[in-house]
Amino acid sequence: VLDALRDQGADVRELVVRAPDDLDVARLSEHLGEHDLTGVVLLTGLAEDPLPDLTATPAGLALTVTSVQALAAAGVTAPVWCLTRGAVSAGRSDPLRSEVQAAVWGLGRVAAIEQPVTWGGVVDLPETMDARAGRRLAAVLASGAEDQAAVRGSGAFGRRLVRAPAPATTPGSATPATGPVLITGGTGALGAQVARRLAAGGVPEMVLLSRRGPDAAGTAELVADLAALGSEATVVACDAGDRDALAAVLAARPADRPFTGVVLAAGVVDDATFLSLTLDRLD
């Protein structure tokens, strides 16, 4: 990547980042001096190994978050580009090879919305990074016309949303199942709406999971509403994030009445904007 940028005339200044606290305002200011940046390219997303203090977050994702935050704190306004390899597929003959790095693309969509002025985009590199691929990468970075691109041996691809072909037959009811349905977060705002919709669509039985179970506010009214719609609902106290507890609920299901549908509506909101996101919160 460094060779490709330099071959296209860029004056590249390299900065190594191995840990989340490697990049701060002081180090950035010292390294950059009086240079005016026209762009920043982050290769941090390529690191797939875990970090010692994080259990679920790959190093590349964590380093990308802290690097973008440090650049913003230092007042860098040049567009920031994040590079990955194998994080997206550009077609049927191009398999996705790194679901770990794909997380950087999800992060990039957040950055694009929250920081539209300073965000450049995400670019996925090919398995073989030769001179031709290097020229294509440099062209994508220089033009800024695409903020989501995949450089491949056959060309550079921009991400597109295309209309799906009409189905050969008319789709039927939107009801996902005709038998018993399990809903996690079933007594919450979203889960309750889904339960009512399914009951109105003819689902005869539901099991609603929530951490508080029958003690959750509004549960009695919800069960009564579902009964009036012709659906029998059982409310069970179970944290969907507890694997053993969830397994116990599934194991207790009668063999002659298996679940024919599952709706995952459970969640705990602990969100933050990109620049205020901590690694513990991300993890």
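To be clear, the structure that these remarks concern was listed above.
Now for a description of the structure that goes with this document. Source: prediction; values computed, not measured.

Conventions used here
Residues numbered from 1 in each chain as written. Predicted model: local features only at pLDDT ≥ 70, side-chain atom pairs only at ≥ 80, totals over all residues. Heavy atoms only, no water. Pairing = 2+ DSSP bridges. Helix = DSSP H or I, 4+ residues; strand = E, 2+ residues; numbered from the N terminus. Axes fitted to C-alpha atoms, helices over the stretch in contact; angles between N-to-C directions. Contact = heavy atoms within 4.5 Å. Phe/Tyr/Trp six-rings, centres within 6.5 Å; stacked < 30°, edge-to-face > 60°. Lys NZ or Arg CZ within 6 Å of the ring centre and 35° of its normal. Buried < 20%, exposed > 50% of the residue type's maximum accessible area, 1.4 Å probe, protein only. Polar contact = N/O pair within 3.5 Å; in protein donor to acceptor, adjacent residues only side chain to side chain.

1. Quick word on the sheet that holds strand S2 (residues 80-85)
Taken together, the five strands give an open sheet; going across it, the order is S1-S2-S3-S4-S5, and neighbouring strands pair in mixed fashion. Every interior strand has two partners, whereas the edge strands, strand S1 (40-42) and strand S5 (155-158), have only one. Direction aside, neighbouring strands of the sheet carry axes that sit 25° apart on average. Pairing of strand S4 (residues 148-152) with S5 involves four bridges; the strand directions are antiparallel. Paired with Ala-150 across the strands is Phe-157, a residue of S5. Packing against the sheet, helix H3 (residues 59-73) makes contact with S1, S2 and strand S3 (119-125), and its axis sits at approximately 160° to S1.

2. A short note on the packing of aromatic side chains
Aromatic ring pairs are defined here through the distance separating the ring centres and the angle between the ring planes. Counting across every chain of the model gives zero aromatic pairs. Seen from the ring of Phe-259, Arg-253 lies directly overhead, with NZ or CZ sitting 4.7 Å from the centre.

3. Topic: the side chain of Gln-101
Locating Gln-101 in the fold gives a position in helix H4 (residues 99-114). According to the relative accessible area criterion, Gln-101 is buried, its value standing at 5%. Engagement of the side chain of Gln-101 in a polar contact is seen with the side chain of Glu-48, the distance being 2.9 Å. At a separation of 2.7 Å, a polar atom in the side chain of Gln-101 contacts the main-chain amide nitrogen of Arg-85. Residues in contact with Gln-101, not counting those within four places in the same chain, are Gly-45, Leu-46, Glu-48, Thr-84, Arg-85 and Ala-87.

The values are spatial; any link to function lies outside them.
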